[in-house]
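# A closer look at the structure
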Amino acid sequence: MKIDLFGPVRVRGNNSVAQPTAPKQRQLAALLALRPNKLVTKDLIISELWQHSPPPSMTTTAQTYIYKLRKLLAEHSEARSGKELIKTHDPGYILTVDESQIDVFRFRVLARRARELSRERPETAAVVLREALGHLTEPPLVDVPLGPVLQIDAAQLAEEAISMVELRIELDMRLGRHQELVSELRSLVARHPLREWFHYHLILALARSGRRSEALQAYDRLRRTMREELGIDPQPLAERLQRVVLDGNDELLDPRLVPHALVGADR
């Protein structure tokens, strides 16, 4: 049995796929699956599902959702009953599965391995990262109503995912793949216009590809976006990158350098 949390919440057996039908049932499934083998209290469940307006039947309704989840999991696993998978443990419930059965935790294992490899073995790290990012075909919890607990979980997952995209881009830059990255970085800049990191790397990738006029245009777009949206200028690194591009300093545009190596370019 596998549980998917990237994209729609799904339970996969050997030859089957199913989804919890009710929105709050999916919400409860996500809450448990993000805390495997840990006690999820009834108070936390009630807070997530109903926030400040729990119905009088909240306890019975939560128990019904647990019953349906047990049935769903048992149908797609080798467990003899759903009670083996979701155990009652006062004052709440514990989802008893191996973390490797949940896509979020498989992603995290690969991401951690890639970070460990990134300094000494960038090519291997990039391969591991591509495998990790293969789990991210869709954003996390796309079909789940997000209460106060899952809002935090979803934001953390989204940040973890984008951090791994950044690491993979940084590794590809170190490996001299700047030309191949330009199109992807343009797309990332469009999707995350206030995330300066992507702008920096687009400027650098364009410059290292011999497209200096486009690199300067990319800097101008960053500066205009930051001023129009936030009323501030970009971080000093962007201006230093612009200066390096204007000066045509080939040494500082060496693909073996990562962007933070340019911080002292004007000293």
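You'll find the structure just up there.
Since the structure is predicted, the reported quantities are computational estimates derived from the model, not experimental observations.

Take unusual backbone geometry next. Leave glycine aside and you will find that most residues have negative phi; peptide bonds, for their part, are mostly trans. For the peptide bond that leads from Asp90 to Pro91, omega is 15°, which places it in the cis range. With respect to the helices and strands, the residue Pro91 is situated in the loop between β5 (86-89) and β6 (92-95). A positive phi angle is found at Gln51, which is not glycine, with a value near 50°. Take Gln51: it is sitting in the loop between α2 (42-50) and α3 (58-75). Judged by relative accessible area, which is 44%, Gln51 ranks as partly exposed.

Once that is clear, we can look at the pattern of salt bridges. Summed over the entire model, instances satisfying the criterion amount to 17 salt bridges. In this structure, the salt-bridge partner of Asp172 is Arg168, at a minimum N-O distance of 3.1 Å. In this pair, Asp172 and Arg168 both sit in helix α7 (residues 148-174), 4 residues apart, roughly one turn of the helix. Per residue, the accessibility class of Asp172 equals that of Arg168, and both read buried. As a salt-bridge pair, Arg243 and Glu239 come within 3.1 Å of each other at their nearest N and O atoms. You can see Arg243 and its partner Glu239 sitting in helix α11 (residues 236-247), 4 residues apart, about one turn around the helix. On the basis of relative accessible area, Arg243 is assigned to the partly exposed category, the value being 31%.

What follows is about the layout of surface pockets. Put simply, the largest pocket is a space of about 390 Å³. If you go around the largest pocket, you meet 17 residues; those closest to its centre are Ala161, Ile162, Val165, Arg191 and His192. Of all elements in the fold, only α7 and α8 (178-191) reach the threshold of two or more residues within the lining of the largest pocket. At 5 residues, the largest contribution of residues to the lining of the largest pocket is made by α7. Residues that form the lining of the largest pocket fall into these classes: 10 nonpolar, 2 polar and 5 charged.

Topologically, Pro139 is positioned in the loop between α6 (122-133) and α7. As for Pro139 and Arg240, which are separated by 101 residues in sequence, their C-alpha atoms are 34 Å apart. Ignoring any residue separated from it by four or fewer positions in sequence, one finds Pro139 in contact with Phe6 and Gly7.

A few words on the packing of α7 against helix α9 (residues 196-208). Close contact between α7 and α9 brings their axes to 12 Å; oriented N to C, the two are set at 20°. In this view, α7 runs roughly parallel relative to α9, as classed from their interaxial angle. When you trace α7 past α9, the crossing you get is left-handed. Residues Ile162, Val165, Glu166, Ile169, Glu170 and Met173 of α7 pack against Trp197, Phe198, His201, Leu204, Ala205 and Arg208 of α9.

Let us look at the sheet that holds β6. Spatially, 3 strands are ordered β4-β6-β5 in an open sheet, and the strand pairing comes out antiparallel. If you trace the sheet from one side to the other, it starts and ends with β4 (40-41) and β5, each paired once. Note that β4 and β6 share 2 bridges and pair antiparallel. Bridge pairing in β6 links Thr41 to Gly92. Contacting β5 and β6, α3 crosses the sheet at an angle of about 145° to β5.

With 4 bridges joining them, β5 and β6 adopt antiparallel strand pairing. Considered in β6, the bridge of Lys87 is made with Ile94. What sits between the antiparallel neighbours β5 and β6 is a turn of 2 residues.

Here is what the cut-offs are and how they apply
- Residues numbered from 1 in each chain as written.
- Predicted model: local features only at pLDDT ≥ 70, side-chain atom pairs only at ≥ 80, totals over all residues.
- Heavy atoms only, no water.
- Helix = DSSP H or I, 4+ residues; strand = E, 2+ residues; numbered from the N terminus.
- Buried < 20%, exposed > 50% of the residue type's maximum accessible area, 1.4 Å probe, protein only.
- Salt bridge = Lys/Arg side-chain N within 4 Å of Asp/Glu carboxyl O.
- 1 Å grid on protein atoms, 1.4 Å probe; cavity = no way out; pocket = protein on both sides within 12 Å on 5 of 7 lines; lining within 4 Å.
- Points joined across faces, edges and corners; volume = space filled by probe spheres on them.
- Nonpolar A, V, L, I, M, F, W, Y, C, P; charged D, E, K, R; others polar.
- Contact = heavy atoms within 4.5 Å.
- Axes fitted to C-alpha atoms, helices over the stretch in contact; angles between N-to-C directions.
- Parallel < 35°, antiparallel > 145°, perpendicular 65-115°, else oblique.
- Left-handed = near helix turned anticlockwise from the far one by under 90°.
- Pairing = 2+ DSSP bridges.

The quantities given are spatial measurements derived from coordinates; they are silent on function.
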